[in-house]
Amino acid sequence: MKACPDVPATLSAHGLSHAYGRGATRAPVLRELALRFLPGQMTLVMGASGSGKSTLLAALGGLLRPDAGEVKFGANSLWGLAPSLLEQLRKREFAYVFQGFNLFSALTAIEQVALPLRLDGEVRAAARSRAEQALAEVGLDRHLHLRPAELSGGEKQRVAIARALVKHPSVLFADEPTSALDSLNGERVIRLLRELTRRHGTTIVAVTHDPRLKPHADCIVNLCDGVAVAERQGAAS
Ligand SMILES: Nc1ncnc2c1ncn2[C@@H]1O[C@H](COP(=O)(O)OP(=O)(O)OP(=O)(O)O)[C@@H](O)[C@H]1O
């Protein structure tokens, strides 16, 4: 896919810097990064272990306040918002998928996906109906009433994806979404993420070591010594 520099970014970062530790032990992790993430595009953040990928994801997702620079969602600077507004924005616009699925062992697939809607105050019948639809979108319409112990790794990740996407977030942050999966399930999850985000215009930012994701990405950002090197155009500016 070609770069679309004129499309307004869903998410952007400017002069993003962060270091851990103090004094002599202070270690810079991110150095003045400038990145743009466009609607409907999947950007991979790659790099050696310890290169700062998770730190970048946390800063972009409003979970870690960087030492310097800003992260913008549209025109809003995340860290310029009052904490309650940032929390609201994160809940409404951002979703997260992790390597370990993070499902509740006692809940069935439909209950896992309906839960965030119920927590937002949606009535039970409407939440279950939307959850059922989201599970159908990830191909799990015959698994609605199964618990995590009865699902394969790939199916669990698909439940986690349905749960992340049920509220139609603008940005999906994924931390190693395929590394716990075998090649068939990994490939299936990647294709699904691609298809769903294109259909809904969601922006994906995925941290990964998994080279299987590369052919599916619009943009690849390699982190090296805290500096981002765009391997494929679109994200880095
Ligand atoms: N809370 C913290 N306090 C101090 N140092 C930290 C903290 N979190 C991360 N680091 C350090 O910052 C550097 C970057 O960590 P980060 O987890 O962002 O890297 P990563 O690229 O995601 O690594 P991996 O691929 O192994 O998950 C590492 O050297 C790590 O030890």
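Remember, it's a predicted structure, so these values are computed and weren't measured experimentally.

Novice: Run through unusual backbone geometry, naming residues and quoting values.
Specialist: In this structure, asparagine 102 takes a positive phi of about 55 degrees despite not being glycine. With respect to the helices, strands and loops of the structure, asparagine 102 is situated in the loop between β6 (94–98) and α3 (109–119). You will see that histidine 168, though not glycine, has its phi angle at about 50 degrees, which is positive. Inspection of the secondary structure puts histidine 168 in the loop between α5 (153–165) and β7 (171–175).

Novice: With reference to specific residues and values, describe the sheet that holds strand β5 (residues 76–77).
Specialist: Taken together, the 4 strands give an open sheet; going across it, the order is β2-β1-β4-β5, and neighbouring strands pair in antiparallel fashion. The sheet terminates laterally at β2 (27–37) and β5, the two strands that pair on one side only. Its contacts with the sheet place helix α1 (residues 53–60) against β1 (11–20), β2 and β4 (68–73), and it is angled at close to 125 degrees to β1.

Novice: A description of the packing of α5 against helix α6 (residues 183–200) should follow, citing residues and the corresponding values.
Specialist: One can describe the packing of α5 onto α6 by two numbers: an axis separation of 9 Å at closest approach and a directional angle of 15 degrees. Taken together, the axes of α5 and α6 lie roughly parallel to each other. Between α5 and α6 lies a crossing whose hand is right-handed. For the pair α5 and α6, contact is made by Gly153, Gly154, Gln157, Arg158, Ile161 and Leu165 and by Asn185, Arg188, Val189, Leu192, Leu193 and Leu196, respectively.

Novice: Quick one: what's the story with the site of the ligand, residue by residue and with numbers?
Specialist: Around the ligand sit Tyr20, Gly21, Val29, Gly47, Ser49, Gly50, Ser51, Gly52, Lys53, Ser54 and Thr55, and those are all the residues in its vicinity. Here the shell around the ligand gets 3 residues from one element, more than from any other, and that element is α1. A breakdown of the residues in the shell around the ligand according to their chemical character gives 2 nonpolar, 8 polar and 1 charged.

Novice: Lay out the pairing of β2 with the relevant residues and their values.
Specialist: Taken together, the 7 bridges between β1 and β2 define a ladder with antiparallel strand orientation. Across the sheet, residue serine 12 finds its bridge partner in β2, namely arginine 36. Hairpin connection between β1 and β2: a loop of 6 residues separates the two successive antiparallel strands, and glycine 21 in this loop has a positive phi of roughly 85 degrees.

Novice: So, the nonpolar core: which residues are in play, and what are the values?
Specialist: Judged by nonpolar contacts, the single largest core of 62 residues is most densely connected at Val45, Val113, Ala131, Leu135, Ala162, Leu172 and Ala206. Per-element accounting of this core gives the leading share, 6 residues, to α5. Apart from residues lying up to four places away in sequence, leucine 172 is in contact with Ala95, Val97, Ala164, Leu165, Thr197, Thr202 and Ile204.

Cut-off values and rules
Residues numbered from 1 in each chain as written. Predicted model: local features only at pLDDT ≥ 70, side-chain atom pairs only at ≥ 80, totals over all residues. Helix = DSSP H or I, 4+ residues; strand = E, 2+ residues; numbered from the N terminus. Pairing = 2+ DSSP bridges. Contact = placed C-beta atoms within 7 Å. Axes fitted to C-alpha atoms, helices over the stretch in contact; angles between N-to-C directions. Parallel < 35°, antiparallel > 145°, perpendicular 65-115°, else oblique. Left-handed = near helix turned anticlockwise from the far one by under 90°. Near = placed C-beta within 6 Å. Nonpolar A, V, L, I, M, F, W, Y, C, P; charged D, E, K, R; others polar. Core = buried A, V, L, I, M, F, W, Y, C linked by C-beta atoms within 7 Å. Buried ≥ 20, exposed ≤ 12 C-beta atoms within 10 Å, placed from the backbone.

What is shown is where atoms sit, not what they do.
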